[in-house]
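So the chains spell out like this:
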Amino acid sequence: SAAHSMFMFDAINDVLSPGVGAGGSTGYRPVVRSLYEDLQSCLSHSPDYWLQRAKAVLRIEDDASRLLEGIEFATKCYREAERERSIDNAEFLIAQLYGKLCSVTEYKNFDYMVSAIRWYSKAINNYSRNTNYVRSMLDSGRHRKGSFDLLCDRLERPGLDAQILSY
């Protein structure tokens, strides 16, 4: 029950975020991965477990295969959750993961870009149900841009494949 309450309130993801823990910028990754893998046997029935695991992937991973795995986790929550809040959060998280995946793969995969556009569009269309998440995505930070901003910048560049405009 302690593990369940920890992951329900983002405690694992907040405590073991980049820059915290052994190794500074790399030591926390194996700890977070291992923790979620160990919790899977007792919490895999919970859509919120998959949501929190996907959030961890978004925060700590920068590898395309791991981000794709995170998308699978968030999609599992999106499909299985009964609470509207969990579904909305999963929808937003899938968009963010696809956005980060586009950035990590340097926008070379057309399908990833289309998926990012579609999921971001879904999240924005549900603005009234997911106001805080959508605002956080749309509000640019002063010091760095998020994956949504980077995708928009990419879509505004000259030489973009015209086929993407239909999305």
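This text follows the structure it describes.
Thoughts on the packing of helix α3 (residues 28–43) against helix α4 (residues 47–60)
Taken N-terminus to C-terminus, the directions of α3 and α4 make an angle of 170 degrees; their axes are 11 Å apart at the nearest point. By the angle class used here, α3 and α4 are roughly antiparallel. Judged by residue contacts, Y28, R29, V32, Y36, E37, L39, Q40 and L43 of α3 engage Y49, W50, Q52, R53, A56 and I60 from α4. Counted by class, the contact of α3 with α4 contains nine nonpolar, two polar and three charged residues.

Focus: the side chain of K100
Inspection of the secondary structure assignment puts K100 in helix α6 (residues 84–104). The buried charged residue K100 lacks any salt bridge partner; its closest oppositely charged side chain belongs to D62, at an N-O distance of 6.7 Å.

Observations concerning the nonpolar core
With 37 residues, the main nonpolar core has L97, Y98 and L151 as its most contacted residues. Taken together, the elements giving at least two residues each to this core come down to α3, α4, α5 (64–80), α6, α7 (110–125) and α9 (147–155). Considering each element in turn, this core owes the most residues, eight residues, to α6.

So, the packing of α5 against α6
At their nearest, the axes of α5 and α6 sit 9 Å apart, and the two run at 165 degrees to each other. By the angle between their axes, α5 is roughly antiparallel relative to α6. Seen along the crossing, α5 lies across α6 with a hand that is left-handed. Contacts between α5 and α6 pair A64, L67, L68, G70, I71, A74, T75, C77 and Y78 from the former with S86, I87, A90, E91, L93, I94, L97, Y98, K100, L101 and V104 from the latter.

Digging into unusual backbone geometry
Leave glycine aside and you will find that most residues have negative phi; peptide bonds, for their part, are mostly trans. Within the chain, E106 stands out as a residue other than glycine whose phi angle is a positive 55 degrees. By relative accessible area, which is 47% here, E106 ends up partly exposed. Positive phi is not limited to glycine here, since Y107 has a value of about 60 degrees.

Some points on the environment of R135
Within the secondary structure, R135 is located in helix α8 (residues 131–138). Along the backbone, R135 and I124 are 11 residues apart, and their C-alpha atoms lie at a distance of 9.1 Å.

Observations concerning α5
Over its 17 residues, α5 runs 24 Å from end to end, which matches the ideal 24 Å to within 8%, given 1.5 Å per residue. Where α5 is concerned, the buried positions are L67, G70, I71, F73, A74, T75 and C77. Structurally, α5 contributes buried residues whose contacts are with α4 and α6.

Some remarks on α7
Given a rise of 1.5 Å per residue, 16 residues ought to cover 22 Å, and the 22 Å separating the end C-alpha atoms of α7 matches this to within 8%. Turning to α7, its buried residues are Y112, M113, V114, A116, I117, W119, Y120 and A123. Two or three places before D111, at the opening of α7, N109 has a side-chain oxygen 2.9 Å from that residue's backbone nitrogen.

Quick notes on the rules
Residues numbered from 1 in each chain as written. Predicted model: local features only at pLDDT ≥ 70, side-chain atom pairs only at ≥ 80, totals over all residues. Heavy atoms only, no water. Axes fitted to C-alpha atoms, helices over the stretch in contact; angles between N-to-C directions. Helix = DSSP H or I, 4+ residues; strand = E, 2+ residues; numbered from the N terminus. Parallel < 35°, antiparallel > 145°, perpendicular 65-115°, else oblique. Contact = heavy atoms within 4.5 Å. Nonpolar A, V, L, I, M, F, W, Y, C, P; charged D, E, K, R; others polar. Buried < 20%, exposed > 50% of the residue type's maximum accessible area, 1.4 Å probe, protein only. Lys, Arg positive; Asp, Glu negative; His and termini not counted. Salt bridge = Lys/Arg side-chain N within 4 Å of Asp/Glu carboxyl O. Core = buried A, V, L, I, M, F, W, Y, C linked by side-chain atoms within 4.5 Å. Left-handed = near helix turned anticlockwise from the far one by under 90°. Expected span 1.5 Å × (residues − 1). Polar contact = N/O pair within 3.5 Å; in protein donor to acceptor, adjacent residues only side chain to side chain.

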